[in-house]
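Each chain is listed here by its residues.
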Amino acid sequence: MSKSVTYILIFVLFTLLVLIRFFEDYLFYDPYLQFFENDYLYIDNPRREVFKLTVFTSLRYDLNSIISIGIIYLFFKEKAMVKLSLLIYVVAYVFLLAAFLYFVINPRQEDYYLFFNVRRFFIQPLILIVLLPAFYYHKLKR
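Residues numbered from 1 in each chain as written. Predicted model: local features only at pLDDT ≥ 70, side-chain atom pairs only at ≥ 80, totals over all residues. Heavy atoms only, no water.

Peer 1: What is the right way to read the overall build of the protein chain from this model?
Peer 2: Tallying secondary structure elements over the protein chain gives 7 helices and 0 strands in all. Along its sequence from the N terminus, the protein chain presents helices and strands in the succession α-α-α-α-α-α-α. For the protein chain, buried positions account for 39% of its 142 residues. Counting contacts in the protein chain only where the partners sit at least 6 residues apart, residues at least 24 apart contribute 73% of the total. With an accessible surface of roughly 9,100 Å², the protein chain has 69% of that area assigned to carbon and sulfur atoms. (Helix = DSSP H or I, 4+ residues; strand = E, 2+ residues; numbered from the N terminus. Buried < 20%, exposed > 50% of the residue type's maximum accessible area, 1.4 Å probe, protein only. Contact = heavy atoms within 4.5 Å. Areas by Shrake-Rupley, 256 points an atom, 1.4 Å probe, with all protein chains shown as cover.)

Written out as structure tokens, the structure reads:
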């Protein structure tokens, strides 16, 4: 694959991540979008359907993860990095889902800030932002 095709594909994948973020209100059920845009430290937890919220949040995580792994592959073209990324995303999913469900099922106002940050890691491609420079540094040191 030529470099120009690779750069175009990377651009397309990053654009997909941006589009997921831009159209999040239309694509996913998430009552916490409005909740965290407001002054959430002083208002009650929104009404939510736990199963539906979990399914849509997991779908968003899966979409972000697949696109992110594609970006990692296109950047480095090494299967070992893709396998490690996949492992990291699966382990992160298990831990983030457990924490997310705890905060959704047991909402306490004093935990809202921690919940906000756990949810942020769950629905945004922050793991990609950590993995890209880490893998690049690893590649430079080899």
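The discussion continues.
Peer 1: What is the right way to look at the nonpolar core in this model?
Peer 2: Here is a general trend for soluble globular proteins: nonpolar side chains tend to be buried in one another's company. Counting residues in each nonpolar core, the largest one holds 31 residues, and the members touching the most others are Tyr 61, Ile 71, Ile 72, Tyr 89, Phe 122 and Leu 128. No other element matches the 9 residues that helix 5 (residues 79-105) contributes to this core. The residues touching Ile 72, leaving out its near neighbours within four places in the chain, are Lys 77, Met 81, Ser 85, Leu 128, Leu 131, Leu 132 and Phe 135. (Core = buried A, V, L, I, M, F, W, Y, C linked by side-chain atoms within 4.5 Å.)

Peer 1: I tried to follow the packing of helix 4 (residues 50-76) against helix 7 (residues 126-141) on my own but got confused; where do I start?
Peer 2: Any two packed helices are characterised by how steeply their axes cross, that is the angle between the axes, and by the distance between the axes. Where helix 4 meets helix 7, the closest approach of the two axes is 10 Å, and the angle between their N-to-C directions is 20°. Here helix 4 lies roughly parallel to helix 7, going by the angle between them. The chirality of how helix 4 crosses helix 7 is right-handed. Of helix 7, the residues touching helix 4 (which contributes Tyr 61, Ser 68, Ile 71, Ile 72, Phe 75 and Phe 76) are Ile 127, Leu 128, Leu 131, Leu 132, Phe 135, Tyr 136 and Lys 139. Among the residues making up the contact of helix 4 with helix 7, the classes are represented as 11 nonpolar, 1 polar and 1 charged. (Axes fitted to C-alpha atoms, helices over the stretch in contact; angles between N-to-C directions. Parallel < 35°, antiparallel > 145°, perpendicular 65-115°, else oblique. Left-handed = near helix turned anticlockwise from the far one by under 90°. Nonpolar A, V, L, I, M, F, W, Y, C, P; charged D, E, K, R; others polar.)

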